[in-house]
Amino acid sequence: MIILYHQNNAVTQVWNDILQEDVPVRLASIADTLFEVAHAFPESLLFWCHESQRNYFNKDSDSIAAIFHHKKIMAFYNPAKENYFPDTIGYVDESLFANPNKNEKFATWFASAAIGGIASEVLLRLEKEIVHDKDFNYFLHSLAKLWMPHGLLCYSEPRLLLHSNTDYKTPKATTKTVFKFVRQHYKFRWLFLLRLNYVLYQKSGHSKAFYQSLFYSKRKTDGKALDTLVVQSSRKIINKATVDVVIPTIGREQYLHTFLSDLAVQTQLPQKVIIVEQNPAEGSQSNLDFLKNTSWPFAISHTFTHQAGACNARNIALAQIESEWVFFADDDIRIGEDFLETAFSQITKYGNEANTLSCLQLNEKTVFDTVFQWKTFGSGCSIVKAEMLKGLQFDLSFEFGFGEDADFGMQLRNKGYDVLYFPFPQILHLKAPIGGFRTKPELAWKHEKLQPKPSPTVMLYRLLHQSKTQLQGYKTVSFFKFYKHQPIRNPFRYYKNFKAKWAVSLFWANKIKNS
């Protein structure tokens, strides 16, 4: 591997760690030097390391191989408490990628100049696709932000350092830099929302930074440069390739039977199908006679409960898992006969433990055609290694609301497991007209004179997993979004009503959180 050491935004040494010798380079910016070294060592892993981290760099070959187990990985770590971008970036980016957990491997575009690495081949493919900024931190953040949606897997990775230290002081992006970054990497309207949020929550519009940012151009890419890069993980995460299928169901007998028939003809059969049938009606009994009356080529574990709710049903199923992998499935989906075989082939290539698969309705067009880091989790269309699920449950606070699958995905991520999106193989979602979320439960806030907006469970997710500025940014966006969907046209009356509904939502979300 080749290591580029730097300090004060300038290269101090380029070191060939295999041959234990210096690599001569021209005097140039850090970014330009990276590309120069990539040309000289096109098959190598390239690392950058701040001088303060030289003695902490974890060069252990097994650790490096575990982190960079295929070529489409860019990993970095910031040992300092503060990031390059201030929290105000949350005003325009409410994604989990802008609020990384530094204690575990975590998907993020919050890159760091302290320590990091990338394959030379990736850099060479992107050389003409990205700007070689002189500010190295800005360059790294721009690279990650632009290419995460196109298949470059970017991680904050604490294993790059032998142990945590406070020797590195993160350079701070100015407010001018924040406006510049938003202009170059987000839709144009976010500039105005950023300024508005500064006014609302920090009592300053930063007029000069705002107007200067208008003269920058948006950075664009067609996203094709990495498409032909062959991915083959060196990790062996599939041993037995056994899989249990988890299916919560309520009142969808025919749909469930059809899906079981799809599972029965798989080229790679599941070992067990765990079905949790719900019917809250007093005295009701199971309607799934075909589970016993039909011969199935896999074991079936059937639980009947009067307690409705997909979260509870999936938790019941989690306690019954025996296989190496788990396929979380809805009861109203269809899959091709090679679905599981193809899915495991993809998992082998990417070496990832948690994977959500494309789930489309009939005639719905495919939006994403590449594997990339997913922002949520599909509780009805995901395959996860069972070992990763130990200690996890679907939070019953989200029962009959929204956000339980996103919350479960965050539980996985906070244990150090990324969630990838696979565009293939695809799942057909039939969207059956009845089911668990289509029953009408008695919600705790049903009798509130003023109904909460947004839903308290949506608010709960944001309280649990977002920063303060992300919540504030969401509030501003919601103010404009909700306006067209309600009858109050007077903006002053609407603002008063919006604040009141937000307060009710916040009250119930905190009540759920603390209960």
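Placed above this text is the structure.
These figures come from a predicted structure and were not determined experimentally.

Novice: Describe the nonpolar core, naming the residues involved and giving the relevant values.
Specialist: It is characteristic of soluble globular proteins that their nonpolar side chains tend to be buried jointly. In terms of nonpolar packing, the biggest core is built from 137 residues, with Trp 109, Leu 260 and Phe 327 touching the most fellow members. With 25 residues, the next largest nonpolar core counts Ile 321, Val 326, Ala 386 and Phe 408 among its residues.

Novice: If you had to explain the packing of helix H5 (residues 175-185) against helix H6 (residues 189-202) to someone new, which residues and values would you point to?
Specialist: Between H5 and H6, whose axes approach to 9 Å, the crossing angle comes to 150°. Compared by their axis directions, H5 and H6 come out roughly antiparallel. The handedness of the crossing between H5 and H6 comes out as right-handed. Packed against H5, whose contacting residues are Thr 175, Val 178, Phe 179, Val 182 and Arg 183, the element H6 presents Trp 190, Leu 191, Leu 194, Arg 195 and Tyr 198 at the interface. Grouping the constituent residues of the contact of H5 with H6 by class yields seven nonpolar, one polar and two charged.

Novice: How would you explain the pairing of strand E8 (residues 153-156) if you had to name every residue and give the values?
Specialist: Of the two faces of E8, both are covered, the one formed by Leu 153 and Tyr 155 as well as the one formed by Cys 154 and Ser 156. As paired strands, strand E5 (residues 73-77) and E8 are joined by four bridges and run parallel to one another. Along E8, the bridge assignment pairs Ile 73 with Leu 153. Sheet analysis places strand E6 (residues 106-107) next to E8, joined by two bridges and oriented antiparallel. Residue pairing in the sheet places Ala 107 in a bridge with Tyr 155 of E8.

Novice: Mind laying out the side chain of Lys 105, listing which residues take part and the relevant values?
Specialist: Mapping Lys 105 onto the fold places it in the loop between E5 and E6. In this structure Lys 105 is buried but unpaired, with Glu 157 as the nearest side chain of opposite charge at 5.3 Å. Residues in contact with Lys 105, not counting those within four places in the same chain, are Tyr 155, Ser 156, Glu 157, Pro 158, Arg 159, Arg 413 and Gly 416.

Novice: Quick one: what's the story with a nonpolar patch on the surface, residue by residue and with numbers?
Specialist: Residues Phe 188, Phe 192, Tyr 211, Leu 214 and Phe 215 make up a contiguous nonpolar surface patch of roughly 570 Å² in combined accessible area. Its location among the elements puts Tyr 211 in helix H7 (residues 207-213). By relative accessible area, which is 45% here, Tyr 211 ends up partly exposed.

Novice: So what about the pattern of salt bridges? Which residues, and what values?
Specialist: A side chain with one charge may pair with a side chain of the opposite charge, provided their charged atoms come close. Following the criterion strictly, the structure yields 16 salt bridges and no others. Note that Glu 82 and Lys 172 form a salt bridge whose closest N and O atoms lie 2.3 Å from each other. Pair noted here: Glu 82 is in the loop between E5 and E6 and Lys 172 is in the loop between E8 and H5, with a separation of 90 residues, a long-range link. According to the relative accessible area criterion, Glu 82 is partly exposed, its value standing at 47%. The class of Lys 172 is partly exposed, set by a relative accessible area of 48%.

Novice: Requested: an account of the environment of Lys 145, with residues and values cited.
Specialist: Structurally, the position occupied by Lys 145 is in helix H4 (residues 136-147). Note: C-alpha distance between Lys 145 and Ala 111 (34 residues apart in sequence) is 9.1 Å.

Novice: Describe the side chain of Gln 486, naming the residues involved and giving the relevant values.
Specialist: When you line up the elements, Gln 486 lands in the loop between helix H14 (468-483) and helix H15 (491-514). Here Tyr 483 takes part through its backbone oxygen, which lies 2.8 Å from a polar atom of the side chain of Gln 486.

Novice: I'd like a description of the packing of aromatic side chains, backed by residues and values.
Specialist: Per the stated rule, a full pass over the model turns up 46 aromatic pairs. An angle of 80° between the planes, with centres 6.4 Å apart, marks the rings of Phe 259 and Phe 327 as edge-to-face. Highlighted residues: Phe 259 in helix H8 (residues 253-264) and Phe 327 in strand E12 (residues 325-329), separated in sequence by 68 residues. Overall, the relative accessible area of 0% leaves Phe 327 in the buried class. Pairwise contacts between aromatic rings join Tyr 474, Phe 479, Phe 480, Phe 482, Tyr 483, Tyr 494, Tyr 495, Phe 498 and Trp 502 into one cluster. When the ring centre of Tyr 155 is taken as origin, the NZ or CZ atom of Lys 105, which lies over that ring, is 4.5 Å away.

Novice: Account for the sheet that holds E5, naming residues and giving values.
Specialist: Overall, mixed pairing links the eight strands, which are arranged E3-E2-E1-E4-E7-E5-E8-E6 in an open sheet. Looking at strand neighbours, the two that pair on one side only are strand E3 (21-22) and E6, the edges of this open sheet. Pairing of strand E1 (residues 2-7) with strand E2 (residues 10-16), which is carried by six bridges, proceeds in the antiparallel orientation. Bridge pairing in E2 links Ile 2 to Asn 16.

Rules behind the numbers
Residues numbered from 1 in each chain as written. Predicted model: local features only at pLDDT ≥ 70, side-chain atom pairs only at ≥ 80, totals over all residues. Heavy atoms only, no water. Core = buried A, V, L, I, M, F, W, Y, C linked by side-chain atoms within 4.5 Å. Buried < 20%, exposed > 50% of the residue type's maximum accessible area, 1.4 Å probe, protein only. Axes fitted to C-alpha atoms, helices over the stretch in contact; angles between N-to-C directions. Helix = DSSP H or I, 4+ residues; strand = E, 2+ residues; numbered from the N terminus. Parallel < 35°, antiparallel > 145°, perpendicular 65-115°, else oblique. Left-handed = near helix turned anticlockwise from the far one by under 90°. Contact = heavy atoms within 4.5 Å. Nonpolar A, V, L, I, M, F, W, Y, C, P; charged D, E, K, R; others polar. Pairing = 2+ DSSP bridges. Lys, Arg positive; Asp, Glu negative; His and termini not counted. Salt bridge = Lys/Arg side-chain N within 4 Å of Asp/Glu carboxyl O. Patch = residues over 30% accessible without salt bridge, like charges linked within 9 Å, V, L, I, M, F, W, Y side chains within 5 Å. Areas by Shrake-Rupley, 256 points an atom, 1.4 Å probe, with all protein chains shown as cover. Polar contact = N/O pair within 3.5 Å; in protein donor to acceptor, adjacent residues only side chain to side chain. Phe/Tyr/Trp six-rings, centres within 6.5 Å; stacked < 30°, edge-to-face > 60°. Lys NZ or Arg CZ within 6 Å of the ring centre and 35° of its normal.

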